[in-house]
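Geometric and topological summary
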Amino acid sequence: MPIPLVDLKAQYADIKPEIDAAMQRVVNNTSFILGKEVAQFEKDFATFCRVEHCVGMDSGTAALHLALLLCEVQPGDEVITTTHTFIATAEVISVIGARPVFVDIDPRTYNLDPNLLARAITPRTKVILPVHLYGQPAEMDAIMEIARRRNLRVIEDAAQAHGAEYRGQRAGTMGDVACFSFYPGKNLGAYGDAGALVTNNAELAARARMLRDHGRRSKYEHQIVGYGYRLDALQAAILGAKLPHLDAWNARRRAIADRYTELFAGENLIPPFVPAHITPVFHIYCVRHPNRDGLQAHLKARGIETGVHYPIPLHLQPVYADLGYRVGNFPHTEQAAREILSLPLYPEMTDAQVKWIVDAVKEFHI
Ligand SMILES: *Cc1c(COP(=O)(O)O)cnc(C)c1O
């Protein structure tokens, strides 16, 4: 049986009546821009995250861009982030004319190593931008402690971590601002591009609302230079229909991950490491193998789709050649990029599919 990395069709089949009704509602009332659907979803998602304010955006990237503007990042400023992430995390820093300053990961969790922050801070540093990669929160206590001491703002890139917890606090509630993506394959996915910015700071939330909607104060009065970054009402309605399922989907992801890890015991492969104080949501189930490419080809031949998140660290991306980084700068990330493999994981996967994948992995010998 062929197994995809994610199966969005299976999810739609499970909740078709709810999704269809939500879409039909928007089409019937033709309130396509902002309005009730967006306001309701923002309220519900804020409740889900246990945060005061949620501002819907048209992508996670847009949310990250506005988060940096809210933190008053300007051309020439520096923002410290991880080199092991999706390009969008750093891209928005560059779009502003600021400089991404990369740090290496903790090789066990794949998240930014907070012990490396002090050395990366300069007088130009404005923000620390940790990513909760694969659905596992970064080491936020240590990050917040150094940020407060050095008077820096913290933006959480929670694009892969809807509902994940760090010492009982949900991802997106610990920094000054946090950004979520609802890209279709994310734990909470729209039927197109969508995202959100969340914060407990009312002033920042109000400014984000203006910035995402052409700097408007009222229909034809524009207070500041803004953007067209609004969340679509159709996407908000779809997200609102899915949100009541999210905790159960995340729990199912954890159960599948636990099953994988249990069945992989004794294999020549390193399963994800989850610190005791963290409740992950397994956006991705990432293993390490010394012959990753061989294992990936072996699984592909058996119809099992896998991924690599991410094969090229940001400091070695062609677009960042002018930042002056070299091979060897961040050895933990560079080694991870060679060894990591994302196995299929989505809530609708059956136990039989998990077993099939584990058996296929066990048939592989370097
Ligand atoms: C998906 C993702 C983004 C970007 O979100 P979009 O909604 O695709 O713009 C940013 N950061 C990380 C870590 C992501 O996984």
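This report concerns the structure included in the present document. Per chain, residues are indexed from 1 in the order of the written sequence. At least 70 in pLDDT is required for a residue's local features to be given in this predicted model, at least 80 for side-chain atom pairs to be given and counted, and no such filter applies to totals for whole chains, interfaces and linings, which use all residues. The basis for every side-chain value is the complete set of heavy atoms in the structure, and neither hydrogens nor water enter the calculation.

1. What about the packing of aromatic side chains?
Only Phe, Tyr and Trp rings are paired, with Trp represented by its six-membered ring, and only when their centres lie within 6.5 Å; those with planes under 30 degrees apart are stacked, over 60 edge-to-face, the remainder tilted. Counted under the stated rule, the structure contains 15 aromatic pairs. Ring centres of tyrosine 260 and phenylalanine 264 lie 5.7 Å apart, and the angle between their planes is 5 degrees; on these two criteria the pair is classed as stacked. An aromatic cluster is built from Phe41, Phe45, Phe48, Phe180 and Phe182, whose rings are joined through pairwise contacts. Each ring is checked for a lysine NZ or an arginine CZ that lies within 6 Å of its centre and within 35 degrees of its normal; such an atom marks a charge sitting over the ring. The ring of phenylalanine 48 is capped by arginine 170, whose NZ or CZ atom sits 4.6 Å from the centre of that ring.

2. Quick word on helix α12 (residues 351-362)
Here a helix means four or more residues in a row that DSSP labels H or I, a strand means two or more in a row labelled E, and each is numbered from the N terminus. Expected helix span is taken as 1.5 Å per residue step, with the number of steps being one fewer than the number of residues. With twelve residues, α12 extends 16 Å from end C-alpha to end C-alpha; this agrees with the ideal 16 Å at 1.5 Å per step. Accessibility here uses a 1.4 Å probe with only protein chains present; expressed as a share of the type maximum, an area under 20% marks a residue as buried, one over 50% as exposed, and anything in between as partly exposed. Among the residues of α12, Gln353, Val354, Ile357, Val358, Ala360 and Val361 are the ones counted as buried. The arc that holds the buried residues of α12, viewed along the axis, is 160 degrees, so those residues lie on one side. Taking the helix axis as origin, the arc is that swept by the directions to the C-beta atoms.

3. Section: the pattern of salt bridges
One speaks of a salt bridge when a side-chain nitrogen belonging to Lys or Arg is within 4 Å of a carboxyl oxygen belonging to Asp or Glu. Evaluated as defined, the whole model comprises 22 salt bridges. Arginine 153 serves as the salt-bridge partner of aspartate 176, at 3.7 Å between the closest nitrogen and oxygen. With aspartate 176 in the loop between β7 (169-170) and β8 (177-181) and arginine 153 in strand β5 (residues 153-157), this residue pair connects regions lying 23 residues apart in the sequence. What makes aspartate 176 buried here is its relative accessible area of 15%. Of the charged contacts, one joins aspartate 247 and arginine 170 as a salt bridge, the two residues approaching to 3.1 Å between their closest N and O atoms. With aspartate 247 in helix α9 (residues 246-263) and arginine 170 in strand β7, this pair connects stretches of sequence that are 77 residues apart. When its relative accessible area of 9% is taken as the criterion, arginine 170 is described as buried. Connected through shared salt-bridge partners, Arg50, Glu165, Arg170 and Asp247 make up one network.

4. Considering the sheet that holds strand β9 (residues 195-199)
A strand pair is defined by DSSP finding two or more bridges across the two strands. Strand order across the open sheet formed by seven strands is β1-β9-β8-β5-β4-β2-β3, with mixed pairing between neighbours. Either end of the sheet is taken by a strand with one partner, and the two such strands are β1 (53-57) and β3 (99-103). Across the sheet, the axes of successive neighbouring strands diverge by a mean angle of 25 degrees, strand direction being ignored. As paired strands, strand β2 (residues 78-82) and β3 are joined by five bridges and run parallel to one another. Note that in β3 the partner of isoleucine 80 across the bridge is valine 101. Helix α2 (residues 35-49) contacts β1, β8 and β9 of the sheet and is inclined by roughly 125 degrees relative to β1. The contact criterion used throughout is that any non-hydrogen atoms of two residues lie within 4.5 Å. Lines are fitted to the C-alpha atoms to define the axes, a helix being fitted only along its stretch in contact, and any angle between axes, read from their N-to-C directions, falls within 0 to 180 degrees. Helix-sheet contacts for helix α6 (residues 140-149) involve β4 (125-129) and β5, and the interaxial angle to β5 is about 155 degrees.

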